[in-house]
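Single-letter residue listing:
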Amino acid sequence: MTAPDMNAPIRKIAAVLSAVVASGGLAACVGSFDPVTDASSPIAPRVQALVDANREYPSWADFPRVIEPLPEPVAIAAQVSTLRVTGGALAGEVSRIDWQNTGDPAEFAAAVQARIDSVPVAPVTQETLAEIEDFARRTRERGRAPPPVDRR
């Protein structure tokens, strides 16, 4: 046998094996579509009653009928053309915006950092993690109950 002749059975075996695995995976899901209520549960009768009451899916008769007529194709075409016109107007407004981006990202980042640094920050937000943990430790120590009083 040549190499292609020897590889053919391997491909066939792989195809059959993958089909068997796929069908086995689908067969494993079959039980999840019909779950059984645990009879030992104290609320099992109530659960089963709710399941049985809601087992049927709604039919088309349960949905309300559309009372108003569907729009005519001419009305839909008019709405589409209105959307196109307003979309064009919006694109024109966007093109007139003076976008403030510099060509240099480092310069832009420096300008943003300068604007952030110019705003004063509350002292609480400047605390480090060590300061926060120290405050939490001191608060826990203050919240500890005093030793019991000797009654003798």
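Note that this is a predicted model, so its numbers are computed, not measured. (Residues numbered from 1 in each chain as written. Predicted model: local features only at pLDDT ≥ 70, side-chain atom pairs only at ≥ 80, totals over all residues. Heavy atoms only, no water.)

### Quick word on the overall build of the protein
Each helix and strand in the protein was counted, giving five helices and zero strands. Put simply, the protein runs from its N terminus to its C terminus through helices and strands in the order α-α-α-α-α. For the protein, the proportion of its 152 residues judged to be buried stands at 1%. Carbon and sulfur atoms provide 65% of the accessible area of the protein, an area that totals close to 14600 Å². (Helix = DSSP H or I, 4+ residues; strand = E, 2+ residues; numbered from the N terminus. Buried < 20%, exposed > 50% of the residue type's maximum accessible area, 1.4 Å probe, protein only. Areas by Shrake-Rupley, 256 points an atom, 1.4 Å probe, with all protein chains shown as cover.)

### Details of the pattern of salt bridges
Applying the stated rule across the entire model yields three salt bridges. Residues Asp134 and Arg138 are paired through a salt bridge, measuring 3.2 Å at the closest nitrogen-oxygen approach. You can see Asp134 and its partner Arg138 sitting in helix α5 (residues 129-142), four residues apart, about one turn around the helix. Note that Glu141 is salt-bridged to Arg137, the shortest N-O span being 2.9 Å. Of the two residues, Glu141 and Arg137 both sit in helix α5, four residues apart, roughly one turn of that helix. (Salt bridge = Lys/Arg side-chain N within 4 Å of Asp/Glu carboxyl O.)

### What to know about a nonpolar patch on the surface
On the surface, a cluster of nonpolar side chains totalling about 420 Å² of accessible area is made up of Leu90, Val94, Ile97 and Trp99. With respect to the helices and strands, the residue Val94 is situated in helix α3 (residues 73-95). What makes Val94 partly exposed here is its relative accessible area of 39%. (Patch = residues over 30% accessible without salt bridge, like charges linked within 9 Å, V, L, I, M, F, W, Y side chains within 5 Å.)

### Some thoughts on the packing of aromatic side chains
All told, the structure shown has one aromatic pair when counted by the stated rule. Relative to Phe63, the ring of Trp60 has its centre 5.3 Å away and its plane inclined at 45 degrees; by these criteria the two rings are tilted. Judged by its relative accessible area of 75%, Trp60 falls in the exposed class. Assessed through its relative accessible area of 41%, Phe63 is described here as partly exposed. (Phe/Tyr/Trp six-rings, centres within 6.5 Å; stacked < 30°, edge-to-face > 60°.)

### So, the confidence of the model for the protein
Per-residue confidence for the protein gives a mean pLDDT of 81, with 85% of residues at or over 70. Mean pLDDT across the elements of the protein bottoms out in helix α1 (residues 3-29) (68) and peaks in α3 (95). (pLDDT = per-residue confidence, 0-100.)

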